[in-house]
Amino acid sequence: MKADIDATVSYPHPVSRVWEALTSSEALAAWLMPNEGEGGVGRYDRVGHRFTLRSRPAPGFDGIVRCEVLEVEPPRRMVWSWAGGNIDTTVTWTLDQTSDGGTRLRMHQVGFHGLGAQLTRRILAGGYPRILGRRLPAYLDQADGQAAPADCAQGWRSYLGIFRRWR
Amino acid sequence: MAERPGRPSKIQTKGDNGAGAAPADRFAALADSTRRHLLEQVAVRDRAVSELLADLHISQAAVSQHLRVLREAGLVTARKEGRHRYYQLRPAALTELRDWLDELERFWQARLAALGDYLREAPG
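Predicted, not measured: the structure shown is a model, and the values here were computed from it.

Caption draft 1: Structural view of the overall build of chain B. When helices and strands are counted, chain B shows 5 helices and 3 strands. Reading the secondary structure of chain B in the N-to-C direction produces α-α-β-α-α-β-β-α. Within chain B, buried positions represent 40% of all 124 residues. For chain B, the share of sequence-separated contacts (at least 6 apart) that also reach a separation of at least 24 residues comes to 65%.

Below, the structure is given as structure tokens:
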């Protein structure tokens, strides 16, 4: 089971410009989330710089994502810690110049501690038919089972509601 | 999140059966390698506590604590049969984790699109 988030996007703008947008507090507020640097710094481009991304609190989540610059190689690579709402992850930004002078930006968030390949393999090899054949219908038949998807939806919405606001 | 073998830290969840636990709580529950191991065992087939205890070198109390965290996070359910307590995988939790990650991925795609708008519109 996949347990990380990986997204790559190309922009027609030069690497230096994209780097600026990733490291400036003001720019991050414009496209990512409102944020505040520890000690009032307006740029997050040195190892040890800490900042918080702020959004609406939700049950089990105080609305704050705490970040720290863990690694930085301007203007090619930067790693942030990204913690909040009971998850503790890292976000790695990688910038590459494209042949036409633009930028290919990769965002890689890891640390969700998902289920290993071993579990996935076992489920596929042995448990899965049983799950689908017996447990899943049984689960769906249960009254509380029917309620679960709504709870689940609420679960991630309460966490991601934070992000939705800024969409 | 630091891996902490042995006694698990307590994880806040909403109810004892864990069906309403937030996906983030499930990931927190999976942050421990012992719990991931237990879940893998339970995924193969339903397991009695004694069986789970057999291939781990930790106390029964510690295993019970780990199972409790998994249960409260909604990853497993327990049932009693005679003197034994059996643990089984709660498959819906896996789907929910995947859905949650998919949603997070959509969040990032939307933000990266917003970065494109910013680059196009902001002076510089």
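Structure shown, so let's carry the discussion forward.
Caption draft 2: Quick look at the confidence of the model for chain B. With 86% of its residues at a pLDDT of at least 70, chain B reaches an overall mean of 82. We note a pTM of 0.72 for the whole complex and an ipTM of 0.71 for its interfaces.

Caption draft 3: Local environment of unusual backbone geometry. For the bond running from Pro74 of chain A to Pro75 of chain A, omega is -10°, close enough to zero to count as cis. By the secondary structure assignment, Pro75 of chain A is in the loop between strand 4 (64–73) and strand 5 (77–84).

Caption draft 4: Layout of the confidence of the model for chain A. Predicted confidence across chain A gives a mean pLDDT of 75, with 64% of residues reaching 70 or more. Overall, residues 123–167 of chain A carries pLDDT values under 50, and its contacts beyond four positions in sequence, including any with other chains, amount to 56 contacts.

What counts, and where the lines are drawn
- Residues numbered from 1 in each chain as written.
- Chains lettered and ligands numbered in written order.
- Predicted model: local features only at pLDDT ≥ 70, side-chain atom pairs only at ≥ 80, totals over all residues.
- Helix = DSSP H or I, 4+ residues; strand = E, 2+ residues; numbered from the N terminus.
- Buried ≥ 20, exposed ≤ 12 C-beta atoms within 10 Å, placed from the backbone.
- Contact = placed C-beta atoms within 7 Å.
- pLDDT = per-residue confidence, 0-100.

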